[in-house]
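# Inside the fold
What follows is each chain in one-letter form.
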Amino acid sequence: MYLSSTAVCCDEAMKLVTCLCILALSYLFQKRKEGDGGGGYNKLSMSEANGTSCVSDGTTDEEDIDKNTDMNVKYPISHESFRSYLSDQLQFDFRMAGLAALYCVQKNLLYLAISNLDAAVFQVTYQTKVLTTAVFSVLLLKRKLSNQQVVALVLLTLGVALVQLDKVEENASKSYQEQRKWVGVVAVLGACCTSGFGGVYFELVLKPHTNLEDETSPPPRPTPSVWAKNVQLSTFGLIIALATAFAKDGSAILSNGFFQGYTPVVVTVITLQAGGGLVVAAIIKYADNILKSFATAMSIVSSTLISAW
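Residues numbered from 1 in each chain as written. Predicted model: local features only at pLDDT ≥ 70, side-chain atom pairs only at ≥ 80, totals over all residues. Heavy atoms only, no water.

## Examining the packing of helix α9 (residues 181-206) against helix α11 (residues 264-286)
α11 packs onto α9 with a crossing angle of 55° between their chain directions and a minimal axis gap of 9 Å. By the angle between their axes, α9 is oblique relative to α11. The hand of the α9/α11 crossing is right-handed. When α9 is examined against α11, the residues Gly-199, Phe-202, Glu-203 and Leu-206 are found in contact with a partner set consisting of Ala-281, Ile-284 and Lys-285. For the contact of α9 with α11, the per-class residue count stands at four nonpolar, one polar and two charged. (Axes fitted to C-alpha atoms, helices over the stretch in contact; angles between N-to-C directions. Helix = DSSP H or I, 4+ residues; strand = E, 2+ residues; numbered from the N terminus. Parallel < 35°, antiparallel > 145°, perpendicular 65-115°, else oblique. Left-handed = near helix turned anticlockwise from the far one by under 90°. Contact = heavy atoms within 4.5 Å. Nonpolar A, V, L, I, M, F, W, Y, C, P; charged D, E, K, R; others polar.)

Structure below.
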């Protein structure tokens, strides 16, 4: 059997590589949009080096042209420009380290719960995250929920749980290892709490609230993209996950290898977990956690209706 701690490491590594690639492509697309291919990009770089604007009256000193030609500014300036872009995007934030530790705990709890519960029972119990998300949204984001919204959230949780409960016996999985039911239930409830708190706190980080009335405060830095925040989150998460893996399963990793028990199915599950994490981050950035919970619930109901045909 595979080690859940190594699966978490692979999950974080996949997200880190994906987000770095997206940032690099975003930078290249931005530069290509600003200039007309390589020529426009070189013109932008030389103007930045001289501290002048790209738009001029059409007159340029020949000495400046010779100086720019001799300086070979194409590679150094583009390198500095890319480094400046990364510096603006990857704003160091200690909060991401704590959030990464929380997500690492959540993923280990999820793998522990899946290993000790049937798939259907796990799905039913895990729907409690809808309520924990709403509670933490009220506590951290100071959101006010009307009575109708509270009733809707409770009915949503019960409805999705009933949809899954209807298939508990039908989809009961056969496990080839001993399962401890109470360990699985406690693990999935802990994962619900960490999921609700982590998602709401991540939304708080992605959508900072600035005090516009305070004129003495310095202007805020540009808000980093969701991919840049995920680079930080995955970097911290990978470090924590590696430390956890070797602390928990160090002897097994050294004796049987890091990827012991991996099958195509395991790799597919890890890939889906990584992709789902990035999609959830984008949803939190452009919507909110409660809407994400409703979308997740609707996907479960829709898949159940489709499977009935």
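## Some points on the packing of helix α1 (residues 4-34) against α11
Between α1 and α11, the least distance of the axes is 9 Å, while the angle of their chain directions is 50°. When the axis of α1 is compared with that of α11, the two are oblique. The crossing of α1 and α11 is right-handed. When α1 is examined against α11, the residues Ala-7, Cys-10, Asp-11, Met-14, Lys-15, Thr-18 and Cys-19 are found in contact with a partner set consisting of Ile-270, Thr-271, Gln-273, Ala-274 and Leu-278. Class assignment of the residues belonging to the contact of α1 with α11 gives a composition of seven nonpolar, three polar and two charged.

## Notes on a nonpolar patch on the surface
A cluster of nonpolar side chains, Leu-131, Val-150, Val-151, Val-154, Leu-155 and Leu-158, forms an exposed patch at the surface whose accessible area comes to about 480 Å². Ranked by residues supplied to the nonpolar patch, first place goes to helix α8 (residues 147-165) with five residues. Summarising the element assignment, Leu-155 is placed in helix α8. (Patch = residues over 30% accessible without salt bridge, like charges linked within 9 Å, V, L, I, M, F, W, Y side chains within 5 Å. Areas by Shrake-Rupley, 256 points an atom, 1.4 Å probe, with all protein chains shown as cover. Salt bridge = Lys/Arg side-chain N within 4 Å of Asp/Glu carboxyl O.)

## Comments concerning the pattern of salt bridges
When their charged atoms lie close together, side chains carrying opposite charge are able to pair. Counted by the stated rule, this structure contains four salt bridges. Its salt-bridge partner being Lys-15, residue Glu-12 comes within 3.8 Å of it at the nearest N-O pair. Placement of the pair is Glu-12 and Lys-15 together in helix α1, with a separation of three residues, close to one helical turn. Accessibility classification places Glu-12 together with Lys-15 in one group, the buried group. (Buried < 20%, exposed > 50% of the residue type's maximum accessible area, 1.4 Å probe, protein only.)

## A word on the nonpolar core
With 22 residues, the main nonpolar core has Tyr-262 and Ile-270 as its most contacted residues. Listed by contribution, the elements that provide at least two residues to this core are α1, α5 (94-116), α10 (226-256) and α11. Residues contacting Ile-270, with those up to four places away along its chain left out, are Ala-7, Cys-10, Asp-11, Met-14, Tyr-111 and Tyr-262. Residues Leu-102, Leu-206, Leu-233 and Ile-284 belong to the second largest nonpolar core, which totals 13 residues. (Core = buried A, V, L, I, M, F, W, Y, C linked by side-chain atoms within 4.5 Å.)

## As for the environment of Thr-244
For Thr-244, the position within the fold is in helix α10. Along the chain, Thr-244 and Cys-104 lie 140 residues apart, while their C-alpha atoms are 8.8 Å from each other. Ignoring sequence-local partners within four residues, the contact set of Thr-244 consists of Cys-104, Asn-108 and Asp-249.

## Some words on the side chain of Ser-137
Here Ser-137 lies in helix α7 (residues 129-141). Setting aside residues up to four positions removed in sequence, Ser-137 forms contacts with Lys-142, Arg-143, Val-200 and Ile-290.

## As for the confidence of the model for the protein chain
Taken as a whole, the protein chain shows an average pLDDT of 75; of its residues, 70% reach a score of 70 or greater. Of all the helices and strands in the protein chain, helix α2 (residues 37-50) carries the lowest mean pLDDT, 43, while α10 carries the highest, 89. Across residues 36-57 the pLDDT falls below 50, and counting only partners more than four positions away or on other chains, this stretch makes 22 contacts in the model. Here residues 65-80 is a poorly scored stretch, pLDDT under 50, and it has 13 contacts once near neighbours within four places are set aside; other chains count. (pLDDT = per-residue confidence, 0-100.)

## Examining the state of the cysteines
Per the stated rule, a full pass over the model turns up zero disulfides. With no disulfide partner, Cys-192 has as its closest neighbouring cysteine sulfur the one in Cys-193, 6.8 Å distant. According to the relative accessible area criterion, Cys-192 is buried, its value standing at 1%. (Disulfide = S-S within 2.5 Å.)

## As for the packing of aromatic side chains
In this structure the tally under the stated criterion is seven aromatic pairs. Ring centres of Tyr-2 and Tyr-111 lie 6.4 Å apart, and the angle between their planes is 75°; on these two criteria the pair is classed as edge-to-face. Remark: Tyr-111 occurs in helix α5 and Tyr-2 occurs in the segment before α1; sequence separation between them is 109 residues. Ring plane angle 80° and centroid distance 6.5 Å describe the contact between Tyr-2 and Tyr-262, whose orientation is recorded as edge-to-face. Here Tyr-2 is found in the segment before α1, whereas its partner Tyr-262 is found in the loop between α10 and α11, with 260 residues between them in sequence. What makes Tyr-2 partly exposed here is its relative accessible area of 21%. Aromatic rings pair up to connect Tyr-2, Tyr-111, Phe-258, Phe-259 and Tyr-262 into one cluster. (Phe/Tyr/Trp six-rings, centres within 6.5 Å; stacked < 30°, edge-to-face > 60°.)

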